[in-house]
Amino acid sequence: QKEVEQDPGPLSVPEGAIVSLNCTYSNSAFQYFMWYRQYSRKGPELLMYTYSSGNKEDGRFTAQVDKSSKYISLFIRDSQPSDSATYLCAMTGTASKLTFGTGTRLQVTL
Amino acid sequence: EAQVTQNPRYLITVTGKKLTVTCSQNMNHEYMSWYRQDPGLGLRQIYYSMNVEVTDKGDVPEGYKVSRKEKRNFPLILESPSPNQTSLYFCASSRLKLGNSPLHFGNGTRLTVT
């Protein structure tokens, strides 16, 4: 079993929809949780990060962490075609290693 | 501009021919790391370095070498490449504490070993 599980998609939604992306994990030592966005032919870039449980909002993006359920989510409101990318969850409990999900490919259509 | 630069972007080589992928960052970051990205497996860490002359294995180090002689550079060396090392490789850097400091990624090196 992988430490981090993420539905690979692809997920196709119309412009303006609310998107929910999720990851589950098994390692209780994870404390920091991140979402990276990766456009085609580019390296991943950090979108959101949260420490421990709770919510964090940044514009159209909201990250949620539920440590009791070992479940994290990223919500995108009013999705735009420019949001079309692969979204990777990542987490760490140490300073040396990030463990990534396999990524969910999102397509926002006009 | 703050960036991580990898070269080359694309590389096709044959089994057994030694190669080096270079990585350089201009942000004075202590931490650097190499990942490979494969369909269905995601990003997996190959090696990382917490500072100059300090390197350690990640999850998939077999068949790879690294060195960190200078803070800005972290080359990835494949002494005898094999077809199972065909992959998309990313170099990344960060300030030391990964949890609250983002990993900055290069744009990747697509390696094909025939």
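Please read all numbers here as calculations on a predicted model, not as lab measurements.

K.L.:
Run through the overall build of chain A, naming residues and quoting values.
P.N.:
Looking only at helices and strands, one finds zero helices and eleven strands in chain A. The secondary structure elements of chain A, listed N-terminal to C-terminal, are β-β-β-β-β-β-β-β-β-β-β. What you see for chain A is a C-alpha radius of gyration of 13 Å, in line with the 13 Å of a compact globule of 110 residues. Counting only residues that meet the buried cut, chain A has 44% of its 110 residues in that class. Once local pairs closer than 6 in sequence are excluded, the contacts in chain A between residues at least 24 apart make up 53%. Surface exposure of chain A reaches about 5300 Å², of which carbon and sulfur atoms provide 48%. Computing the positive centroid from 11 side-chain charges and the negative centroid from 10, chain A places the two 6 Å apart.

K.L.:
I'd like to hear about the pairing of strand 6 (residues 54-57) of chain B, residue by residue, with values.
P.N.:
By the bridge criterion, four bridges tie strand 5 (residues 42-51) of chain B to strand 6 of chain B in an arrangement that is antiparallel. In the strand pairing of strand 6 of chain B, tyrosine 48 of chain B is matched with aspartate 56 of chain B.

K.L.:
Now, about the interface of chain A and chain B: what can you tell me, with residues and values included?
P.N.:
Contact residues are listed per partner, giving 21 residues for chain A and 24 residues for chain B. A combined buried area of about 1700 Å² lies between chain A and chain B, and 57% of that area is made up of carbon and sulfur atoms. At the junction of chain A with chain B, the criterion picks out one salt bridge. A salt bridge links lysine 97 of chain A to aspartate 59 of chain B, with the shortest nitrogen-to-oxygen separation between them at 2.7 Å. Counting the contacts that link chain A with chain B gives six residue pairs in polar contact (both at pLDDT 80 or more). Elements supplying a minimum of two residues to the side of chain A that touches chain B: strand 4 (32-38), strand 5 (45-51) and strand 9 (85-92) of chain A. With four residues, the top contributor of residues to the side of chain A that touches chain B is strand 4 of chain A.

K.L.:
How would you explain the pattern of salt bridges if you had to name every residue and give the values?
P.N.:
All names here are of chain A. One pass over the full model with this rule turns up eight salt bridges over all chains. Here arginine 60 makes a salt bridge to aspartate 83, at a shortest N to O gap of 2.8 Å. Placement of the pair is arginine 60 in the loop between strand 6 (54-58) and strand 7 (61-66) and aspartate 83 in the loop between strand 8 (71-76) and strand 9, with a sequence separation of 23 residues. On the accessibility criterion, arginine 60 (26% relative accessible area) is partly exposed.

K.L.:
Any details on the nonpolar core? Residues and values, ideally.
P.N.:
Residues and elements named next belong to chain A. In this structure, Trp35, Ile72, Leu74, Tyr87 and Met91 are the most contacted members of the largest nonpolar core, which totals 24 residues. Looking at this core, the elements that each hand over two or more residues are strand 3 (19-25), strand 4, strand 5, strand 7, strand 8, strand 9 and strand 11 (104-109). Methionine 91 has contacts with Val4, Tyr25, Phe30, Tyr32, Phe33, Ile72, Lys97, Leu98 and Thr99, leaving out every residue within four places of it along the chain.

Scoring rules and cut-offs
- Residues numbered from 1 in each chain as written.
- Chains lettered and ligands numbered in written order.
- Predicted model: local features only at pLDDT ≥ 70, side-chain atom pairs only at ≥ 80, totals over all residues.
- Heavy atoms only, no water.
- Helix = DSSP H or I, 4+ residues; strand = E, 2+ residues; numbered from the N terminus.
- Rg over C-alpha atoms; globule rule 2.2 N^0.38 Å.
- Buried < 20%, exposed > 50% of the residue type's maximum accessible area, 1.4 Å probe, protein only.
- Contact = heavy atoms within 4.5 Å.
- Areas by Shrake-Rupley, 256 points an atom, 1.4 Å probe, with all protein chains shown as cover.
- Lys, Arg positive; Asp, Glu negative; His and termini not counted.
- Charge placed at Lys NZ, Arg CZ, Asp CG, Glu CD.
- Pairing = 2+ DSSP bridges.
- Buried area = accessible area lost by both parts, 1.4 Å probe.
- Salt bridge = Lys/Arg side-chain N within 4 Å of Asp/Glu carboxyl O.
- Polar contact = N/O pair within 3.5 Å; in protein donor to acceptor, adjacent residues only side chain to side chain.
- Core = buried A, V, L, I, M, F, W, Y, C linked by side-chain atoms within 4.5 Å.

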